[in-house]
Amino acid sequence: MRYLVVGSGGREHAIAWRLLHDGSASEVYVAPGNGGIDERFRIQIAVNDFESLYTICKQKNIDIVIIGPEAPLVDGVVDFLQNRGITVFGPTTQAAQLEGSKLFAKYIMQKYNVPTAHFREFKGKESLIGYIESSAVFPVVIKLDGLAAGKGVGVCRERETALQFIHEMVKDNAKVFVEDFCDGEEASVLGISDGTTVLPFIAAQDHKRVYDNDEGPNTGGMGAYAPAPVVTSRILERVHREILQPVILGMKNEGIPFVGILYAGLIIKGNDIKVLEFNVRFGDPETQVLLPLLSGKLGDYITASIDGKLSGINLTFRNKHAITVVLASGGYPGSYTTGLPITGLDLLPEDILVFHAGTKRDGQLLTSGGRVLNITAIADSLEEAYQKVYNAIPRVSFEGMHYRKDIGFRALKKRP
Ligand code: GLY
């Protein structure tokens, strides 16, 4: 089988690696890819250039296209390619509203009794300001409806910060809502769906803040590990029964079947599980720890999803633990320099997996983005994976490189 993976991050490198590694694919092209992808299989097409993606599918005889990031999904890349006879893994533009419109996701959750925080919707900035000025309850969470590259959510501990968020982020006629603040531990549970059946992955945990101990500004994700023990097998079973399956059946009932990866961003406190958000794609960096642990062939699961044949299939994982640590450019998530030489990848132990993100090749390997590399270790225990990954990282270097030293800390601290 020949695949085209669309995207340029660590997630897309991990998907391409997995398809080749488990024998699902004879060839995997990646558009636009990164420095980790063999030049022969890197296609310089932007993720929003649907016409050129279609042309390359025809030229390379692509059997299945896998879409990595949310923006082209929300913009209709699946509809565009499917209408031209190309087989694509991912939701249609309507189904992608589960991520593209946070209000749509709230309506679906409300209608199908999926646990999520209470919310109040506002028509424009003025009524929102009026509400915040008279509210006695803080913290609150203010959410903008559309895609905002992770910047559309304000967790505001007091009135002043809420008003500041509104003034900086909310446009006059914006669709916006306020949600009750939920306390607890976050986790990500992905499910693969064929529109009727959904099979859950093991849980992973992302680390969004830039510095250790969850300090500093938010990033695209500084590392992840799996399985995340906050999601016990009982909780995972409930996430499947109370969240993933009702949403998939609800979407089918609405006449908008969801095919692809449904990612539930959860908050868990004791027995209380709530959905913070849905994404309609593989998570980044969660994919970099989930796919190395997957049993079987990724391509078989994807084909079964596209063909509506997931019922009766077991999605299983190896009894191992994985950690991925993001090596970031100096200054990230603020401004940073690119084009800096990366050294030491050839010195890493053989069993360390390296998924590239912001890298490019120009005679040598250079940085080209904020999140540069995902260094990933697999082991029998999380502790062992932690030791392996952090022993390996100092061999790699580029000017200004920084990374978190505590990926997995919540799970590791819990253990005696
Ligand atoms: N890990 C967060 C995301 O993929 O959106």
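The structure this text deals with has already been given above.
Before going into details, it helps to say that this report is about the structure given with it.

### Focus on the side chain of Ser 188
Item 1. With respect to the secondary-structure elements, Ser 188 resides in strand E9 (residues 185–194).
Item 2. Setting aside residues up to four positions removed in sequence, Ser 188 forms contacts with Ile 202, Ala 203, Ala 204, Tyr 263, Ala 264 and Glu 286.

### As for the site of the ligand
Item 1. Neighbouring the ligand are Asp 206, Tyr 263, Asn 279, Arg 281, Gly 283, Asp 284 and Glu 286.
Item 2. For the ligand, a nitrogen atom lies 2.8 Å from a polar atom in the side chain of Asp 206.
Item 3. With respect to the ligand, the side chain of Glu 286 contributes an N or O atom lying 2.8 Å from a nitrogen atom.
Item 4. Protein contact buries 87% of the 200 Å² of open area that the ligand shows by itself.
Item 5. Across the shell around the ligand, the residue classes tally to one nonpolar, two polar and four charged.

### As for empty space enclosed by the protein
Item 1. For the structure on display, the rule yields one cavity of 30 Å³ or more.
Item 2. Computed from the structure, the largest cavity encloses a volume of approximately 50 Å³.
Item 3. Forming the walls of the largest cavity are Ile 66, Ile 67, Leu 73, Phe 89, Gly 90, Pro 91, Gly 260, Ile 261, Val 280, Arg 281 and Phe 282.
Item 4. Elements with a contribution of two residues or more to the lining of the largest cavity: strand E3 (64–67) and strand E15 (259–269).
Item 5. Its residues assigned to classes, the lining of the largest cavity shows eight nonpolar, two polar and one charged.

### Side note on the packing of aromatic side chains
Item 1. What the rule picks out here adds up to ten aromatic pairs.
Item 2. Seen from their ring centres, Trp 17 and Phe 355 are 5.5 Å apart, and the 65° between their planes marks the pair as edge-to-face. A residue pair is termed long-range when its members are at least 10 positions apart, and Trp 17 in helix H1 (residues 10–21) and Phe 355 in strand E18 (residues 353–356) qualify at 338 residues. Of the two residues, Trp 17 and Phe 355, both sit in the buried class.
Item 3. Judged by centre distance (4.6 Å) and plane angle (55°), the rings of Tyr 386 and Tyr 390 are tilted.

Parameters at a glance
- Residues numbered from 1 in each chain as written.
- Predicted model: local features only at pLDDT ≥ 70, side-chain atom pairs only at ≥ 80, totals over all residues.
- Heavy atoms only, no water.
- Helix = DSSP H or I, 4+ residues; strand = E, 2+ residues; numbered from the N terminus.
- Contact = heavy atoms within 4.5 Å.
- Near = heavy atom within 4 Å.
- Polar contact = N/O pair within 3.5 Å; in protein donor to acceptor, adjacent residues only side chain to side chain.
- Areas by Shrake-Rupley, 256 points an atom, 1.4 Å probe, with all protein chains shown as cover.
- Nonpolar A, V, L, I, M, F, W, Y, C, P; charged D, E, K, R; others polar.
- 1 Å grid on protein atoms, 1.4 Å probe; cavity = no way out; pocket = protein on both sides within 12 Å on 5 of 7 lines; lining within 4 Å.
- Points joined across faces, edges and corners; volume = space filled by probe spheres on them.
- Phe/Tyr/Trp six-rings, centres within 6.5 Å; stacked < 30°, edge-to-face > 60°.
- Buried < 20%, exposed > 50% of the residue type's maximum accessible area, 1.4 Å probe, protein only.

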